[in-house]
Number of protein chains: 2
Amino acid sequence: MTVLTDQYTAERAAIDAGLRAAASRLPAPAARIAAYHFGWTDEAGNPVEANSGKALRPLLTLLAAKTVSGQWHTAVPAAVAVEMVHNFSLIHDDIIDRDGLRRHRPTAWKVFGVNDAILVGDALHALAFEVIAEAGGDRARAGAGLLAQTVRALIEGQLADTRFEGREHVDLAECVAMSEAKTASLMGCATALGALFGGGTPEQVEALRDFGSRLGLAFQHVDDLLGIWGDPAVTGKAVYSDLRNRKKSLPVTAALGSGHADAPELAALYRAAAPLDEDGLRRAAELVESCGGRIASQRAAESLTAAAADGLADRRLHGGAVEELTSLAASTVGRVW
Amino acid sequence: MTVLTDQYTAERAAIDAGLRAAASRLPAPAARIAAYHFGWTDEAGNPVEANSGKALRPLLTLLAAKTVSGQWHTAVPAAVAVEMVHNFSLIHDDIIDRDGLRRHRPTAWKVFGVNDAILVGDALHALAFEVIAEAGGDRARAGAGLLAQTVRALIEGQLADTRFEGREHVDLAECVAMSEAKTASLMGCATALGALFGGGTPEQVEALRDFGSRLGLAFQHVDDLLGIWGDPAVTGKAVYSDLRNRKKSLPVTAALGSGHADAPELAALYRAAAPLDEDGLRRAAELVESCGGRIASQRAAESLTAAAADGLADRRLHGGAVEELTSLAASTVGRVW
């Protein structure tokens, strides 16, 4: 199943133009690094047609605005701000996680050094608030508050994630809370800001936020499935990537806590001092499946996506736009089975 | 001359309470690191009576509010936000500059690691916008915009500063522009936000911003003089600290560009591959002085401070509060001669 973001040509063009206009205000060295990170230029600064990501979050913002007002133009600043925050956190997280690849290219810190990457992340973070503030009106104030709370949640999630690595046991509930902070909060913010900038009522903003949060958690379940069974050509990561890193992802945590007879063998593989070889990786993937971790994440993704859509009923939203939003949502979590 | 911040007991207590209330919302690991950085706790998390800085910038915010409205209480959120931004940038700059000491204590990254220090800086950055947004009204929107522009300037200054290190020649004009971005912008933001949150007119906000910017540049001249001739017991840095690091500070840049017969000898000492020994450091300090760098920064600090005060005339401000603000300003730049 293909993610449906490609069809929204006008919306994607508006997002792209907004991002480029905002990034052009950065001091020259920061603008150059941001342009590389966004996939607009190569390492030397030459324009390229790179894969600059799916722009899923800002598109959710625009489609959420459309559900309340029937049109999306007023929400472009909110969409740009959400994508700025997303990318600031990617740049800093890549430093923290020592990730060398993103979207099939070397990460910003790999190319430009840790110091400049820290500063560019900071610059995009501030730029998000600048774009929101300039939009004017009370929605700017409320939007800035929502965005700031979301960054706090992102940091809480990243702090938890880094601490999980050093722990032998992580509860599924803890892992879900971490995923809610690290992934669901920003998707919820994306749709809530869209509703806010579309002029929605507080109830509509809240309903759209719930929608995005549920979708975000579903998205994380899918992402974690891809981290084990994803096609390297699509994910840009090595096969069994998350198992190689002994990552305590949602399906793995569910498997380890399943009480299944195979769980201790999986726990032993996760405890082993030496890196897992190909046989070990294949066996670990089998064990996540036999312990029910794979099906648990598939079912969670499905039920969260269904609950997200159900939550939009009876909110006096534009029906056609709700259809678009839920189809986009379904396509983003329908990547695995 | 003593900096006059100590006498503002009620204002400092309100700033401290606001900072603590805001920081208490951070996720536990971030709150602990922030409390250490602010000097509220030791490395193990035990409360201490540490030197948590002069709180100069937030105090400038409150006194600026008083010049327009006669009282400072309404500006406490703005003061807290300014101090949050200042401390976020200190934490990230300490990582970037590999500085191991701040306020006579090990820096946050030294104690808690680079990864957590990056995240805590990010958290304080977002918290500044959260506090401003919660203050409500159009001042919150305008304040968030001003704060975001200021962070952009801070980053521009830090990017320029790190690039100066790798260059043999830096113009005085470039060095002034860097200091304006890195130091003056936040002091100008501090006083502008005070005027804004005090209910000042756009003209008053602009006049207070100019006041803070001029004061900030004067402050940087003084700080750079202290970086060479400051008493280590007061500055917390080694004697001749900036000369040891071959830092292209304002007095050094002025001396190098003076055309004085001694300038080439100073340039040679700055180019030398080996670290400067005590004789070399003493000689470099003499040369900065003989080339007129010391007196140039002293005079710049004095004239900027005078111009800052002059700029507040005929703005229909509260006379007693202007007196307080200019006295505080004079005391912060009267530390050297």
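These figures come from a predicted structure and were not determined experimentally.

(A) Structural detail: the packing of helix 8 (residues 172-197) of chain B against helix 9 (residues 202-229) of chain B. Residue and element names in this part refer to chain B. Remark: helix 8 packs on helix 9, axes separated minimally by 6 Å, with the N-to-C direction vectors making an angle of 140°. By the angle between their axes, helix 8 is oblique relative to helix 9. Here the hand of the crossing between helix 8 and helix 9 comes out right-handed. Between helix 8 and helix 9, the residues in contact are Val 176, Ser 179, Glu 180, Thr 183, Ala 184, Met 187, Gly 188, Thr 191, Ala 192, Ala 195 and Leu 196 and Gln 204, Val 205, Leu 208, Arg 209, Phe 211, Gly 212, Ser 213, Leu 215, Gly 216, Leu 217, Phe 219 and Gln 220, respectively. Partitioning the contact of helix 8 with helix 9 into residue classes produces 12 nonpolar, 9 polar and 2 charged.

(B) Up close: the relation of the copies chain B and chain A. Under the fitted operation, chain B is carried onto chain A by 0.0 Å of movement along the axis and a turn of 180°, and the coordinates agree to an RMSD of 0.0 Å. On this basis, the relationship between the two copies can be described by a two-fold rotation axis. Within chain B, the C-alpha atom positioned nearest to the axis of rotation is that of B:Arg141, 2.5 Å from it. Comparing interface residues between copies, 100% of those in chain B also sit at the interface in chain A, which points to an isologous, same-surface contact.

(C) The arrangement of the side chain of B:Ser297 in detail. Within the fold, B:Ser297 resides in helix 15 (residues 293-310). Sequence-distant contacts of B:Ser297, defined by excluding residues within four places in its chain, comprise B:His221, B:Leu225, B:Leu250 and B:Pro251.

(D) Highlighting the interface of chain B and chain A. Counting residues at the interface gives 36 residues for chain B and 36 residues for chain A. Both faces considered, chain B and chain A share a buried interface measuring about 3,300 Å² in area, 70% of it formed by carbon and sulfur atoms. Among the residues chain B hides against chain A, the three largest losses belong to B:Leu119, B:Arg141 and B:Arg152. Together they make up 19% of the total. Counting the contacts that link chain B with chain A gives 4 salt bridges. For B:Arg163, the salt bridge is made with A:Asp116, and the minimal N-O distance between the two is 2.5 Å. The tally of links from chain B across to chain A stands at 13 residue pairs in polar contact (both at pLDDT 80 or more). Put simply, the parts of the chain that give the side of chain B that touches chain A at least two residues each are helix 2 (28-37), helix 4 (76-97), helix 6 (114-134) and helix 7 (138-165) of chain B. Considering every element that reaches the side of chain B that touches chain A, the biggest residue donor is helix 7 of chain B, with 13 residues.

(E) Representation of the nonpolar core in the model. Counting residues in hydrophobic clusters, the biggest one holds 179 residues, and the most contacted among them are A:Leu124, B:Leu124 and B:Leu193. Sequence-distant contacts of B:Leu124, defined by excluding residues within four places in its chain, comprise B:Leu26, B:Ala34, B:Phe38, B:Met84, B:Asn87, B:Phe88 and B:Ile91.

(F) The packing of helix 3 (residues 56-69) of chain B against helix 16 (residues 319-333) of chain B, seen in detail. Residue and element names in this part refer to chain B. At a minimum axis distance of 8 Å, the contact between helix 3 and helix 16 shows a crossing angle of 155°. As far as their axial angle goes, helix 16 and helix 3 are roughly antiparallel. As helix 3 packs across helix 16, the resulting crossing turns out to be left-handed. Counting all contacts with helix 3, which are made through Leu 56, Leu 59, Leu 60, Leu 63, Ala 64, Lys 66 and Thr 67, the residues of helix 16 involved are Ala 321, Val 322, Glu 324, Leu 325, Leu 328 and Thr 332. The residue makeup of the contact of helix 3 with helix 16, split by class, is 9 nonpolar, 2 polar and 2 charged.

(G) Spotlight on the packing of aromatic side chains. Residue and element names in this part refer to chain A. Counted according to the given criterion, the structure contains 5 aromatic pairs over all chains. On the basis of an interplanar angle of 70° and a centroid distance of 5.6 Å, the ring pair of Tyr 36 and Phe 112 is categorised as edge-to-face. Residue Tyr 36 is located in helix 2 (residues 28-37), and its partner Phe 112 is located in helix 5 (residues 108-112); the two are separated by 76 residues in the primary sequence. Given the relative accessible area of 2%, Tyr 36 is considered buried. Over the ring of Trp 229 we find Arg 294; its NZ or CZ atom is 4.1 Å from the centre of that ring.

(H) Just helix 14 (residues 278-290) of chain B, in detail. Residues and elements named next belong to chain B. End to end, helix 14 covers 18 Å across 13 residues, agreeing with the expected 18 Å (1.5 Å per residue, within 8%). When helix 14 is considered as a whole, its buried residues turn out to be Gly 280, Leu 281, Ala 284, Ala 285, Leu 287 and Val 288. Along the axis of helix 14, the buried positions cluster into a sector of 160°, meaning they face one direction only. Positioned one or two residues after helix 14, Gly 292 has a phi angle of 90°, which is positive.

(I) Quick peek at the pattern of salt bridges. All names here are of chain B. On inspection of all chains with the given rule, the structure shows 34 salt bridges over all chains. The partner of Asp 138 in a salt bridge is Arg 141, with the nearest N and O atoms 3.1 Å apart. Highlighted residues: Asp 138 and Arg 141, both in helix 7, separated by 3 residues, approximately one helical turn. Its salt-bridge partner being Arg 244, residue Glu 278 comes within 3.4 Å of it at the nearest N-O pair. Of the two residues, Glu 278 is situated in helix 14 and Arg 244 in helix 11 (residues 241-244); the sequence distance between them amounts to 34 residues. When its relative accessible area of 40% is taken as the criterion, Glu 278 is described as partly exposed. Here Arg 244 falls in the partly exposed class, since its relative accessible area comes to 33%.

(J) A look at unusual backbone geometry. All names here are of chain B. One non-glycine residue, Tyr 240, adopts positive backbone phi at about 55°. Structurally, the position occupied by Tyr 240 is in the loop between helix 10 (232-235) and helix 11. Positive phi is not limited to glycine here, since Arg 316 has a value of about 50°. With respect to the helices and strands, the residue Arg 316 is situated in the loop between helix 15 and helix 16.

(K) View of helix 2 of chain A. Listing the buried residues of helix 2 of chain A in full gives A:Ala30, A:Ile33, A:Ala34, A:Ala35, A:Tyr36 and A:His37. Buried-residue contacts for helix 2 of chain A involve helix 4 (76-97), strand 1 (101-102), strand 2 (105-106), helix 5 and helix 6 (114-134) of chain A together with helix 7 of chain B. The positive-phi residue at the C-terminal boundary of helix 2 of chain A is A:Gly39, with phi of around 85°.

Quick notes on the rules
- Residues numbered from 1 in each chain as written.
- Chains lettered and ligands numbered in written order.
- Predicted model: local features only at pLDDT ≥ 70, side-chain atom pairs only at ≥ 80, totals over all residues.
- Heavy atoms only, no water.
- Axes fitted to C-alpha atoms, helices over the stretch in contact; angles between N-to-C directions.
- Helix = DSSP H or I, 4+ residues; strand = E, 2+ residues; numbered from the N terminus.
- Parallel < 35°, antiparallel > 145°, perpendicular 65-115°, else oblique.
- Left-handed = near helix turned anticlockwise from the far one by under 90°.
- Contact = heavy atoms within 4.5 Å.
- Nonpolar A, V, L, I, M, F, W, Y, C, P; charged D, E, K, R; others polar.
- Least-squares fit on C-alpha atoms with pLDDT ≥ 70 in both.
- Buried area = accessible area lost by both parts, 1.4 Å probe.
- Salt bridge = Lys/Arg side-chain N within 4 Å of Asp/Glu carboxyl O.
- Polar contact = N/O pair within 3.5 Å; in protein donor to acceptor, adjacent residues only side chain to side chain.
- Core = buried A, V, L, I, M, F, W, Y, C linked by side-chain atoms within 4.5 Å.
- Buried < 20%, exposed > 50% of the residue type's maximum accessible area, 1.4 Å probe, protein only.
- Phe/Tyr/Trp six-rings, centres within 6.5 Å; stacked < 30°, edge-to-face > 60°.
- Lys NZ or Arg CZ within 6 Å of the ring centre and 35° of its normal.
- Expected span 1.5 Å × (residues − 1).
- Arc of directions from axis to C-beta.

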